[in-house]
Amino acid sequence: MSDTKINITLRIWRQPKATSPGKLVTYPVNGVSTDMSFLEMLDMLNEELTVKGEEPVAFDHDCREGICGMCGVVINGTPHGRGSSPVPTTTCQLHMRNFKDGDVITVEPWRARPFPIIKDLVVDRSAFDKIIQAGGYISVNTGAAPEAHAAPVPKIKADRSFDAATCIGCGACVAACPNSSGMLFTAAKITHLGLLPQGQPERYLRVKKMIGEHDALGFGGCQNLGECAAACPKSIPLDVISQLNRDLIKSMFKRDGKK
Amino acid sequence: MAVTGLILIAFLLFHMYGNLKVFIGEEAFNHYAEWLKTDMLYPIFPKGGFIWCFRLVMLAALVLHMWSAITLWLRAKKANPDSYAVKKRLERTYSSSMMRWGGIILAGFLVFHLYQFTIAPRDPASPYNSVVTDFSQWYFVLFYALWLIAVCMHVRHGFWSAFATLGANTSEESHMVLNALAWIVALLIYIGFILPPVCILFGLIGA
Ligand code: HEM
Ligand code: SF4
Ligand code: FES
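Just so it is clear, the model here is predicted, and its values are computed rather than measured.

*Asks:* Account for the overall build of chain B, naming residues and giving values.
*Replies:* The helix and strand inventory of chain B stands at eight helices and zero strands. Along the chain direction, N to C, the helices and strands of chain B fall in the order α-α-α-α-α-α-α-α. Considering only C-alpha atoms, chain B reaches an extent of 55 × 40 × 35 Å along its principal axes. For chain B, with 207 residues in total, the buried portion stands at 40%. Long-range contacts, defined here as pairs at least 24 residues apart, represent 71% of the contacts in chain B between residues at least 6 apart. When the accessible surface of chain B is split by element, carbon and sulfur atoms take 73% of a total near 11800 Å². With 14 positive and 10 negative side-chain charges, chain B shows a separation of 13 Å between the mean positions of the two kinds.

Here's what the structure looks like:
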């Protein structure tokens, strides 16, 4: 691929700390290779800022290969910056070839009360950990792997469970939702654990505890709008939310669904 | 939200079907209206008794529906106080983004509608006359035609969303099926409700 260079203008949310007010600050970045990832482009900006003696832009990242869920900023109004492209992506896997010379790119943090801003583009997503702690686990002893045929799992359920398990907990679903609902994330975990034999003993209690924690943390309610699934880098489908609701309704009629 | 919404949609379909009696003629329509008000489920209920149960259930559904909508709205406001400088809509439809303001419009107009035909009808002796007189005016027909757009947009997203909340959206295919059904119900409601007023306006009924 030819090494194309573009000049862009970034409008980035700068906020020194959680309690201080923030604002969008404009930075021109010249000579950006279109082979760079979005985060590499931000690295480039930060190098320039550091040389000038300015505070670099804080943003979260870790694996940079789309599997850890650490990265995530809202780019031109879409979480992770998918924009109108049909390809779902994490911010770290978004490349500058998706932009044109002269583009003005607005970069903002996830905005939701349960995800408070720590600094610039970094938000605190420990609310998701609390939802997991409320019930996103199975209480069986780990140990040597059991005989694989001992617990048969229908392929259709295994596939659905595994698809739901690809959720990396990035929080883009919350960032995309006009209600700031964490239903897609919570429902992905419910579907992942609830369809496998190991998840059965706690299935109906789990859904109550997790949704209870979700609501208590101040996430909004679901209107089935579909913005979450459209922003999700792992294409977690909207129907996991129906799965959660089905389990929740069933839990009202199950003895093992009582708290 | 889902259950009360579906009750309201079921009522709309029933109400629409009933209104179509206006095509059969004055006697049939008035007789039907009279039956609704006095004879429905008689003699299990006393004369004129069941309509009040019916109204009570509709009112309860409506109040609970609005109460859940307001709760949802307040939760969203609390969860999402700072808006984005730039926000792009990827998936949500226009009707889904109008659920709240659209719902307010529906409720406001409902009061007018009840006033027009139930509380202070043109001809208390003949619902048929009341309907024909009012819908001979083009502005009433236009008004209802516009209002029905709001109703049907609300129903289109509401129908799909209610079934998703009740757990029926199990796959990509069921998403498509539910959405198709939602469109069919919304269009049915539009056509079924607007047909009598339009036919009255063009003199096909009543003249
Ligand atoms: C989607 C639109 C509509 C809604 C939501 C709606 C709703 C209602 C409601 C809630 C009532 C009161 C029932 C009661 O408590 O007695 C009512 C009464 C009535 N509606 Fe509608 N309506 C709609 C459209 C129409 C149209 C287009 C017509 C014209 C054919 C119509 C004709 C009537 C009449 C004549 C009554 C009075 C019945 C009586 O005298 O008891 N409605 N409507
Ligand atoms: S459901 Fe998708 S968008 Fe939400 S946290 Fe999981 S991977 Fe991220
Ligand atoms: S940095 Fe790990 S998913 Fe983007």
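Text resumes after the structure shown.
*Asks:* Break down the sheet that holds strand 3 (residues 74-75) of chain A for me, with residues and values.
*Replies:* Pairing between sheet strands relies on hydrogen bonds along the backbone, with the strands arranged either parallel or antiparallel. Residues and elements named next belong to chain A. If you trace the five strands from one edge of the open sheet to the other, you get 2-1-5-3-4, paired in mixed fashion. In this open sheet, the two edge strands, each paired with only one partner strand, are strand 2 (23-33) and strand 4 (78-79). Taken together, the two bridges between strand 3 and strand 4 define a ladder with antiparallel strand orientation. Bridging across to strand 4, Val-74 finds its partner in Pro-79. In this fold helix 1 (residues 38-51) packs onto strand 1 (5-14), strand 2, strand 3 and strand 5 (104-108), with an angle of close to 105° to the strand it touches most, strand 2.

*Asks:* Outline the interface of chain B and chain A, listing residues and values.
*Replies:* With 35 residues of chain B at the interface, the matching set in chain A holds 44 residues. Between chain B and chain A, a total of about 3000 Å² is buried, with carbon and sulfur atoms accounting for 49% of that surface. Seen at the junction of chain B and chain A, the total is one salt bridge. In this structure, B:Arg75 engages A:Asp215 in a salt bridge whose closest nitrogen and oxygen atoms are separated by 3.0 Å. Counting every contact that joins chain B to chain A gives 27 residue pairs in polar contact (both at pLDDT 80 or more). Elements supplying a minimum of two residues to the side of chain B that touches chain A: helix 3 (50-79), helix 5 (99-119), helix 7 (138-165) and helix 8 (172-201) of chain B. Ranked by residue count, the leading element in the side of chain B that touches chain A is helix 7 of chain B, at six residues.

*Asks:* So what about the domain arrangement of chain A? Which residues, and what values?
*Replies:* Think of interface size as the accessible area that goes away when the parts come together; that is how it is often given. Residue and element names in this part refer to chain A. Examined at the domain level, chain A breaks down into domain 1 (5-108) and domain 2 (125-139 + 151-251). Centre-to-centre, using C-alpha coordinates, domain 1 lies 29 Å away from domain 2. Listed per partner, the contact involves 14 residues of domain 1 and 13 residues of domain 2. At the boundary of domain 1 with domain 2, total buried surface from both sides reaches about 880 Å², with 53% on carbon and sulfur atoms. Our count for the domain 1 to domain 2 interface comes out at one salt bridge. Salt-bridge contacts for Arg-125 lead to Asp-60; the nearest nitrogen and oxygen are separated by 3.3 Å. On the surface where domain 1 and domain 2 come into contact, there are five residue pairs in polar contact (both at pLDDT 80 or more). Looking at the side of domain 1 that touches domain 2 residue by residue, the class counts come to seven nonpolar, five polar and two charged.

*Asks:* I'd like a rundown of the coordination of the iron atom of ligand 1, residues and numbers included.
*Replies:* Residues and elements named next belong to chain B. Protein ligation of the iron atom of ligand 1 involves His-15 (NE2) and His-113 (NE2), the donor distances falling in the range 2.0 to 2.1 Å. Here the iron atom of ligand 1 is ringed by six donor atoms whose angles at the metal span 84 to 179°, and the overall shape comes out octahedral. One end of the pair, His-15, is in helix 1 (residues 2-19); the other, His-113, is in helix 5, with 98 residues separating them in the sequence. Assessed through its relative accessible area of 22%, His-15 is described here as partly exposed.

*Asks:* Describe in detail the packing of aromatic side chains, supporting the description with residues and values.
*Replies:* In the structure shown here, the tally under the stated rule is 25 aromatic pairs over all chains. Note on A:Phe115 and A:Phe219: the rings are 5.7 Å apart at their centroids and 80° apart in plane angle, and the pair reads as edge-to-face. One end of the pair, A:Phe115, is in the loop between strand 5 and strand 6 (117-119); the other, A:Phe219, is in the loop between helix 6 (203-216) and helix 7 (227-231), with 104 residues separating them in the sequence. Residue classification places A:Phe219 among the buried residues on the basis of a relative accessible area of 1%. Judged by centre distance (5.3 Å) and plane angle (45°), the rings of B:Tyr139 and B:Phe140 are tilted. Here B:Tyr139 falls in the partly exposed class, since its relative accessible area comes to 42%. Aromatic ring contacts, followed pair by pair, group B:Phe109, B:Phe112, B:Phe117, B:Phe135, B:Trp138, B:Tyr139, B:Phe140, B:Phe143, B:Tyr144 and B:Trp147 into a single cluster. Lying across the ring of B:Tyr32, B:Lys21 places its NZ or CZ 5.4 Å from the centre.

Thresholds applied
- Residues numbered from 1 in each chain as written.
- Chains lettered and ligands numbered in written order.
- Predicted model: local features only at pLDDT ≥ 70, side-chain atom pairs only at ≥ 80, totals over all residues.
- Heavy atoms only, no water.
- Helix = DSSP H or I, 4+ residues; strand = E, 2+ residues; numbered from the N terminus.
- Buried < 20%, exposed > 50% of the residue type's maximum accessible area, 1.4 Å probe, protein only.
- Contact = heavy atoms within 4.5 Å.
- Areas by Shrake-Rupley, 256 points an atom, 1.4 Å probe, with all protein chains shown as cover.
- Lys, Arg positive; Asp, Glu negative; His and termini not counted.
- Charge placed at Lys NZ, Arg CZ, Asp CG, Glu CD.
- Pairing = 2+ DSSP bridges.
- Axes fitted to C-alpha atoms, helices over the stretch in contact; angles between N-to-C directions.
- Buried area = accessible area lost by both parts, 1.4 Å probe.
- Salt bridge = Lys/Arg side-chain N within 4 Å of Asp/Glu carboxyl O.
- Polar contact = N/O pair within 3.5 Å; in protein donor to acceptor, adjacent residues only side chain to side chain.
- Domains from an automatic or database assignment.
- Nonpolar A, V, L, I, M, F, W, Y, C, P; charged D, E, K, R; others polar.
- Donors = N, O, S within 2.8 Å, 3.2 Å for Na, K, Ca; no water.
- Tetrahedral: all angles 85-135°; square planar, octahedral: opposite > 155°, others 65-115°.
- Phe/Tyr/Trp six-rings, centres within 6.5 Å; stacked < 30°, edge-to-face > 60°.
- Lys NZ or Arg CZ within 6 Å of the ring centre and 35° of its normal.

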